[in-house]
Amino acid sequence: MDLLVVGSGLFGLTIAERAAEAGRKVTIIDRRHHLGGNAYSEAEPTTGIEVHRYGAHLFHTSNETVWEYVNRFTKFTNYQHRVYSTHKGIVYPLPINLGTINQFFDAAYTPAEARALIAEQAGEFDAHSATNLEERGIGLIGRPLFEAFIRDYTAKQWQTDARELPASIISRLPVRYTYDNRYFNDTYEGLPVDGYTAWLERMADHKNIEVKLSTDFFDESQPLHKKAVVGQVPIVYTGPVDRYFDYEAGALSWRTIDLEEEVLDIQDFQGTSVMNYPDADAPYTRIHEFKHFHPERKEIFAQEKTVIHREFSRFATRDDEPYYPVNTPTDREGVLAYRELGAGEKDVHFGGRLGTYQYLDMHMAIGSALSMWNNQLA
Ligand code: FAD
Ligand code: UDP
């Protein structure tokens, strides 16, 4: 073995695939019973509808290198993501756009009039210099829209004061003074035509790659555990960075989600793939209806059955899957301490969402893995 990769998510798979192509013998271990990390999906058995097991995953990128790379393993559909939001019993389009603004204020503003109104309502804070989510949010869209669509949704999703959260979280969402309600601004977007798992498995399908599932890096009863291999072979570690160091610099805060699945005997539940619930009285943040991700799968789409997930958000305990780095100021200090500890680990490279404690989308995880391979490992 020339390289051990801990974690078979998109970061680990990209490193493994590149190394295998370069002639290295790679072993990937994952503690789960399947590969692919959080992007894994499978068919719900009674309906055949593809369900994203760890939360809905939408692929989008403007990075030409990443787009060219992922197309080696899968073709993409022309799906374009759109999200709606039910506030006080009325459905609005997201992200905040001219349609949302006119519906919310019961008006017919032109783009210039809407800009002027929002500028007036947003005057409390300067969005550019805002340092936390609340100030950036109000600075971008004004207090009334912030309170309707962002404040309570964010409170449900992060259970952290919006003044403690980084401004960058909200900068993920565009604000538009047109009726364009595409969720993402990226050049390329789509879903893998034959599903995420087929894509992820193709990345690992190489004679130089061996995959060992249900294998935990910290389980001392198996041969490839941390104490046995660090210093013996180069390692790329994509699990939680605080767990690697046994929480020596404190536990970082992570958020996890619970997905409540229901199979319904109706053709269509909500008419769209994702409906957000920004009000405090709905216990969930959003409902996903998976058949809408693949309208081109005509027979599956047309059947009188549908699968939905209600998504609930909460802090992760050590026994949960950590999904989202919360990134409070205290966490950011912890990350710096772990970065220093990481630099002292001989031939161990920390990558991916969990290994670097960063809110990486799939294209970012792939892009940073390609950079790590090219710049450090190759
Ligand atoms: P992961 O996919 O988390 O893979 C890490 C792997 O390491 C896991 O398989 C885990 O089992 C394994 N592991 C951890 N500890 C150990 C251990 N001790 N021993 C062995 N194995 C271990 N991105 C988008 O682009 N679009 C989206 O719409 C989108 N939606 C998302 C929704 C949710 C709910 C979540 C959580 C993420 C979403 N993402 C989305 C992000 C996407 O999942 C990540 O960018 C991508 O999965 C990153 O891959 P990764 O390899 O860093 O991490
Ligand atoms: N957000 C919100 N209301 C919404 C959608 C998003 O307040 O209806 C905020 C929330 O803080 C969220 C952030 O915008 O964490 C980013 O949203 P996105 O949909 O990108 O989050 P993800 O898909 O990663 O959960």
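Residues numbered from 1 in each chain as written. Chains lettered and ligands numbered in written order. Predicted model: local features only at pLDDT ≥ 70, side-chain atom pairs only at ≥ 80, totals over all residues.

**Comments concerning the overall build of the chain**
Piece 1. Looking only at helices and strands, the chain features 14 helices and 16 strands.
Piece 2. Scaling as 2.2 N^0.38, a compact globule of 378 residues should have a C-alpha radius of gyration of about 21 Å, and the chain matches this with 22 Å.
Piece 3. When the backbone C-alpha atoms are referred to their principal axes, the chain occupies close to 65 × 50 × 35 Å.
Piece 4. Burial status across the chain gives 39% buried among its 378 residues.
Piece 5. Here the contacts in the chain between residues at least 6 apart in sequence split such that 72% fall between residues at least 24 apart. (Helix = DSSP H or I, 4+ residues; strand = E, 2+ residues; numbered from the N terminus. Rg over C-alpha atoms; globule rule 2.2 N^0.38 Å. Buried ≥ 20, exposed ≤ 12 C-beta atoms within 10 Å, placed from the backbone. Contact = placed C-beta atoms within 7 Å.)

**Some points on the UniProt feature "domain: UDP-galactopyranose mutase C-terminal" (unreviewed entry) in the chain**
Piece 1. Those places that UniProt annotates as "domain: UDP-galactopyranose mutase C-terminal" (unreviewed entry) correspond, in this numbering, to residues 148–359.
Piece 2. Across residues 148–359, helical content stands at 26% and strand content at 20%; the span's end C-alpha atoms are separated by 25 Å. (UniProt positions renumbered as here; feature names shortened; annotations may be inferred.)

**Some remarks on the nonpolar core**
Piece 1. Residues Val 5, Val 6, Ile 15, Ala 16, Val 26, Leu 200 and Ile 366 are the most contacted members of the largest nonpolar core, which totals 83 residues.
Piece 2. When residues of this core are sorted by domain, at least three fall in each of domain 1 (3–39 + 64–73 + 191–252 + 325–377) and domain 2 (96–171).
Piece 3. When sequence neighbours within four positions are dropped, the list of residues in contact with Ile 15 reads Val 5, Val 236, Gly 351, Ala 369, Met 372 and Trp 373. (Core = buried A, V, L, I, M, F, W, Y, C linked by C-beta atoms within 7 Å. Domains from an automatic or database assignment.)

**Some remarks on the pairing of strand β2 (residues 26–29)**
Piece 1. Residues Val 26 and Ile 28 line one face of β2 and the alternating positions Thr 27 and Ile 29 line the opposite face, and both faces are buried.
Piece 2. Pairing geometry for strand β1 (residues 3–6) and β2, over four bridges, is parallel. Bridge pairing in β2 places Leu 3 opposite Val 26.
Piece 3. Read from β1 through helix α1 (residues 10–21) to β2, the crossover connection turns out right-handed.
Piece 4. The pairing of β2 with strand β9 (residues 209–212) spans four bridges and is classified as parallel. Opposite Ile 28, over in β9, you have Val 211 as the bridge partner. (Pairing = 2+ DSSP bridges. Right-handed = clockwise from strand over helix to strand, strands pointing away.)

**Quick look at the packing of α1 against helix α14 (residues 362–377)**
Piece 1. Their axes nearest at 8 Å, the elements α1 and α14 cross at an angle of 40 degrees. The crossing of α1 and α14 is right-handed. Seen from α1, the contacting residues are Leu 10, Phe 11, Thr 14, Ile 15, Arg 18 and Ala 19; seen from α14, they are Met 362, Ala 365, Ile 366, Ala 369, Leu 370, Met 372, Trp 373 and Leu 377.
Piece 2. Within the contact of α1 with α14, the residues separate by chemical class into 12 nonpolar, one polar and one charged. (Axes fitted to C-alpha atoms, helices over the stretch in contact; angles between N-to-C directions. Left-handed = near helix turned anticlockwise from the far one by under 90°. Nonpolar A, V, L, I, M, F, W, Y, C, P; charged D, E, K, R; others polar.)

**Structural notes on the sheet that holds strand β11 (residues 254–264)**
Paired through backbone hydrogen bonds, the strands of a sheet run either parallel or antiparallel to each other.
Piece 1. With mixed pairing, seven strands are arranged side by side in an open sheet as β7-β6-β12-β13-β14-β11-β15. With one partner strand each, in any of the chains shown, β7 (90–93) and β15 (324–325) form the two edges of the open sheet.
Piece 2. In this structure, strand β6 (residues 83–87) lies alongside strand β12 (residues 274–276), joined through three bridges in parallel fashion. Residue Ser 85 lies in a different strand from β12, and its bridge partner there is Asn 276.
Piece 3. Docked against the sheet, helix α6 (residues 143–158) engages β6, β11, β12 and β14 (306–315), running at close to 95 degrees with respect to β6.

**A few points about the pairing of β11**
Remark: a regular strand shows side chains that alternate across the two faces of the sheet.
Piece 1. For β11 and β15, the ladder comprises two bridges, and the chain directions are antiparallel. In the sheet register, Trp 254 faces β15, and the bridge partner there is Pro 325.

**As for the sheet that holds β9**
Piece 1. Sheet architecture is open: five strands sit in the order β9-β2-β1-β10-β16, paired in parallel fashion. Sheet topology places β9 and β16 (348–350) at the edges, where each strand pairs with a single neighbour. For this sheet, the mean inter-axis angle between neighbouring strands, taken without regard to orientation, is 20 degrees.
Piece 2. With three bridges connecting them, β1 and strand β10 (residues 235–237) associate as parallel partners.

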